[in-house]
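# Coordinates in review
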Amino acid sequence: MSVVALAFFVTGLVLGVYAMLHGTERSVAPMGAPHERRSEYNPAAEPSAVFNLASIAAFGVAFGLTGYLVDRYTDASWMLALVTALLAGGAGLALQSLLIARWAIPSARADDMDPRYLLQGTLAKVTQASAENGTGALVYVLDGHECTLPVRSLDGAAFALGAEVVIDRVEDGVAFAEPWAAVEQRL
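A few points on the structure. Everything numeric in this text was worked out from a predicted model, so none of it was measured. (Residues numbered from 1 in each chain as written. Predicted model: local features only at pLDDT ≥ 70, side-chain atom pairs only at ≥ 80, totals over all residues. Heavy atoms only, no water.)

A word on the pattern of salt bridges. Evaluated as defined, the whole model comprises four salt bridges. In this structure, Asp168 and Arg169 form a salt bridge, with 3.1 Å as the shortest nitrogen-oxygen distance. Each of the two residues, Asp168 as well as Arg169, counts as buried. Its salt-bridge partner being Glu178, residue Arg186 comes within 2.8 Å of it at the nearest N-O pair. Sharing partners across several salt bridges, the network here consists of Arg116, Asp168, Arg169 and Glu171. (Salt bridge = Lys/Arg side-chain N within 4 Å of Asp/Glu carboxyl O. Buried < 20%, exposed > 50% of the residue type's maximum accessible area, 1.4 Å probe, protein only.)

A few words now on the packing of aromatic side chains. Each aromatic ring pair is summarised here by two numbers: the centre-to-centre distance and the angle between the ring planes. Counted under the stated rule, the structure contains three aromatic pairs. Ring geometry for Phe8 versus Phe59: centroids 6.5 Å apart, planes at 75 degrees, classification edge-to-face. Of the two residues, Phe8 is situated in helix α1 (residues 2–22) and Phe59 in helix α2 (residues 53–73); the sequence distance between them amounts to 51 residues. Residue Phe8 is classed as partly exposed on the basis of its relative accessible area of 33%. When its relative accessible area of 24% is taken as the criterion, Phe59 is described as partly exposed. (Phe/Tyr/Trp six-rings, centres within 6.5 Å; stacked < 30°, edge-to-face > 60°. Helix = DSSP H or I, 4+ residues; strand = E, 2+ residues; numbered from the N terminus.)

Before going further, it helps to spend a moment on the environment of Ile100. Looking at where Ile100 falls in the secondary structure, it is placed in helix α3 (residues 78–110). With residues near it in sequence (within four places) discarded, Ile100 still touches Ala49, Asn52, Ala54, Ser55, Ile105 and Pro106. (Contact = heavy atoms within 4.5 Å.)

Moving on to the nonpolar core. With 14 residues, the main nonpolar core has Leu138, Tyr140, Leu149, Val165, Ile167 and Ala175 as its most contacted residues. Residue assignment for this core shows that the elements contributing at least two residues are β1 (123–128), β2 (136–142), β3 (145–153), β4 (164–171) and β5 (174–179). (Core = buried A, V, L, I, M, F, W, Y, C linked by side-chain atoms within 4.5 Å.)

For the rest of this paragraph, the subject is the side chain of Arg169. Secondary-structure assignment places Arg169 in strand β4. There is a polar contact of 3.1 Å between the side chain of Arg169 and the side chain of Asp168. Here the side chain of Arg169 touches Glu171 through a polar contact of 2.8 Å, side chain to side chain. Beyond its immediate chain neighbours, meaning those up to four positions away, Arg169 contacts Arg116, Tyr117, Leu154, Val174, Ala175 and Phe176. (Polar contact = N/O pair within 3.5 Å; in protein donor to acceptor, adjacent residues only side chain to side chain.)

Bringing unusual backbone geometry into the picture now. The residue Asp172 is not glycine, and still its phi comes out positive at about 50 degrees. Examined against the element boundaries, Asp172 turns out to sit in the loop between β4 and β5.

With that settled, consider α1. The end-to-end C-alpha separation of α1 is 30 Å, in line with the 30 Å expected for 21 residues at 1.5 Å each. Among all positions of α1, only Ser2, Ala5, Gly12, Gly16 and Ala19 are buried. Viewed end-on, α1 has its buried residues packed into an arc of 120 degrees, placing them on one side of the element. Opposite the buried face of α1, by more than 90 degrees, sit the exposed residues Val3, Val14 and Leu21. Elements that come into contact with the buried residues of α1 comprise α2. Gly23 lies just past α1 and shows a positive phi near 75 degrees. (Expected span 1.5 Å × (residues − 1). Arc of directions from axis to C-beta.)

Right, let's talk about the packing of α2 against α3 for a bit. At their nearest, the axes of α2 and α3 sit 7 Å apart, and the two run at 150 degrees to each other. For the element pair α2 / α3, the angle class is roughly antiparallel. In this structure, α2 meets α3 at a crossing whose hand is right-handed. Looking at the contact of α2 with α3, its residues break down into 14 nonpolar, nine polar and one charged. (Axes fitted to C-alpha atoms, helices over the stretch in contact; angles between N-to-C directions. Parallel < 35°, antiparallel > 145°, perpendicular 65-115°, else oblique. Left-handed = near helix turned anticlockwise from the far one by under 90°. Nonpolar A, V, L, I, M, F, W, Y, C, P; charged D, E, K, R; others polar.)

Written out as structure tokens, the structure is:
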């Protein structure tokens, strides 16, 4: 029982770290170009509060830790250790699921992103040069899709053809950007 419990414990820890680093994502169906999206909220695409990586990790950690401690430090039979570990794992899963259902999903649902800044930091290339205080065009690639947008400089300067720029915001269908070289200097 100790080996099985330790395997569950370590697996739960690894899954928990993975879930912390990568999060629990909702599935989003592509709806045209990213700069044309207004909202990606879809109640059917919300992650399950019970069957997700974080909840499975909580079960693994609670099951493994309890099973190991009961098997190692008591004289209980392996069957009693298994039942105790299953109960503890179920409690860990229930508490994690409750945390996701009562806090994580509602706070993500309430998070209202400003659509102007959805593309902030996206690297693009100027495909049509702009005059001073004028509008040119840029192309950017996001999620494997190539999209074109009109572009203006943040400071009113002209963009040369082929210049690499970084999008700051998109207002009324026009991207406001600055040269990559200027951003690179600040880094």
